[in-house]
Amino acid sequence: MRRPVIAGNWKMYKTQAEARAFMAKLLPLVANSQHCEIVVAPPYTALAATAEAAKGSTITVAAQNAHWEKEGAFTGEISMPMLVEAGCQGVILGHSERRHLFHETNENIAKKVRAALDNNLRPIVCVGELLHERESNLTHAILEKQFEGAFAALTADDFSRILLAYEPVWAIGTGRTATPEIAADAHRYLRELAQKRFSTEKASALRILYGGSVKPDNIKGLMAQVEIDGALVGGASLDAQSFASIVNF
Ligand code: 13P
């Protein structure tokens, strides 16, 4: 049985004060939610405040990106040890906005995955195809390339520490959610890749989250699919009430 994970990716939203106010509202709403893991991913500047507010609860904090080096002359970058110090337990890597707006490559994502694991941070690795790739029947080919690119150098034990998120780019921020069937089909394919690359056991333990216009009114249908082990929520995770309804699907 795979324990569901509901994660909120705040993207470039919320100051420290807003993060504290959000957590104060969220905590009582999910205090009895034992059926899933809850993760929030604030922007860098609000990580420590959010981690502080989450203390004593089951909510864990993840960052949205990080550099692979421990330190160095990399203006504007943040390292994995810095995230650990700020109270993070995980880090989102390879989000489509990083890949497409900031030109992140599979090669760099692989280095980040390695660095996260070496620093005891759980990577939440995102993969997903663009609309024209889906329309050209390239979805599986793209997913395979991103999967291999991120995980080629990992051992099976490394791999068991990862969360995968399938986020079709055409569904992100568009209100156009993938149907539960479309999402489940991609998840099934990703699990097959995990089985081929690692093992049947690791593949069946792998948790794959769906992301892309997840809302309180579509989470139930998505979670009804056995292949879908949780959600990575953008816009609807910014409001405590709405995020709590998704958590309590
Ligand atoms: P939306 O839920 O706003 O579509 O964003 C999804 C996402 O990118 C989560 O990482």
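Residues numbered from 1 in each chain as written. Predicted model: local features only at pLDDT ≥ 70, side-chain atom pairs only at ≥ 80, totals over all residues. Heavy atoms only, no water.

A. Just the overall build of the protein, in detail. Scanning the protein from terminus to terminus reveals 12 helices and eight strands. Summarising its shape, the C-alpha atoms of the protein cover approximately 45 × 45 × 35 Å along the three principal directions. Across the protein, the fraction of contacts at a sequence separation of at least 24, relative to all contacts at a separation of at least 6, is 72%. Taken as two groups, the 26 positive and 27 negative side-chain charges of the protein have centres that lie 3 Å from each other. (Helix = DSSP H or I, 4+ residues; strand = E, 2+ residues; numbered from the N terminus. Contact = heavy atoms within 4.5 Å. Lys, Arg positive; Asp, Glu negative; His and termini not counted. Charge placed at Lys NZ, Arg CZ, Asp CG, Glu CD.)

B. Representation of the environment of glycine 8 within the structure. On the secondary structure map, glycine 8 appears in strand S1 (residues 5–9). The class for glycine 8 is buried, based on a relative accessible area of 1%. In the structure, glycine 8 is positioned 205 residues away from serine 213 in sequence and 12 Å away in space, judged by C-alpha atoms. Residues in contact with glycine 8, not counting those within four places in the same chain, are Val39, Val40, Ala41, Val233, Ser237 and Phe243. (Buried < 20%, exposed > 50% of the residue type's maximum accessible area, 1.4 Å probe, protein only.)

C. Quick peek at the site of the ligand. Around the ligand, a shell composed of Asn9, Lys11, His95, Glu167, Ala171, Ile172, Gly173, Gly212, Ser213, Leu232, Gly234 and Gly235 is seen. Contact distances for the ligand include 2.8 Å between an oxygen atom and a side-chain N or O atom of lysine 11. A distance of 2.9 Å is found between an oxygen atom of the ligand and a backbone nitrogen or oxygen belonging to glycine 234. Within the complex, 97% of the 310 Å² of free accessible area of the ligand lies under protein. The residue inventory of the shell around the ligand, partitioned by class, reads three nonpolar, seven polar and two charged. (Near = heavy atom within 4 Å. Polar contact = N/O pair within 3.5 Å; in protein donor to acceptor, adjacent residues only side chain to side chain. Areas by Shrake-Rupley, 256 points an atom, 1.4 Å probe, with all protein chains shown as cover. Nonpolar A, V, L, I, M, F, W, Y, C, P; charged D, E, K, R; others polar.)

D. Structural view of unusual backbone geometry. With a phi angle near 60°, asparagine 137 is a residue other than glycine that sits in the positive phi range. Note on placement: asparagine 137 falls in the loop between helix H6 (131–135) and helix H7 (139–151).

E. Local environment of the side chain of lysine 202. Counting through the fold element by element, lysine 202 comes out in helix H10 (residues 200–205). Those residues in contact with lysine 202, other than ones at most four positions away along the chain, are Ala156, Asp157, Phe159 and Ser160.

F. Representation of helix H5 (residues 106–118) in the model. Compared with the 18 Å implied by 1.5 Å per residue over 13 residues, the 18 Å span of H5 between its first and last C-alpha is a close match. Every buried residue of H5 is listed here: Ile109, Lys112, Val113, Ala115, Ala116 and Leu117. On the buried face of H5, the contacting elements are helix H3 (80–85), strand S4 (90–93), helix H4 (96–101), strand S5 (122–127), H7 and helix H8 (156–159). In the stretch just after H5, asparagine 120 is the one whose phi turns positive, near 65°. (Expected span 1.5 Å × (residues − 1).)

G. View of the sheet that holds strand S2 (residues 37–41). Reading around the barrel, the eight strands line up as S1-S2-S3-S4-S5-S6-S7-S8 and close back on themselves, with parallel pairing between neighbours. Going across the sheet, the axis of each strand differs from the next one's by a mean of 25°, ignoring polarity. Summarising the sheet, strand S7 (residues 207–211) and strand S8 (residues 230–233) pair through two bridges and their orientation is parallel. Bridging across to S8, tyrosine 210 finds its partner in alanine 231. Packed on one face of the sheet, helix H9 (residues 180–197) meets S5, strand S6 (163–166) and S7 and runs near 145° to S7. Packing against the sheet, helix H12 (residues 240–247) makes contact with S1, S2 and S8, and its axis sits at approximately 155° to S1. (Pairing = 2+ DSSP bridges. Axes fitted to C-alpha atoms, helices over the stretch in contact; angles between N-to-C directions.)

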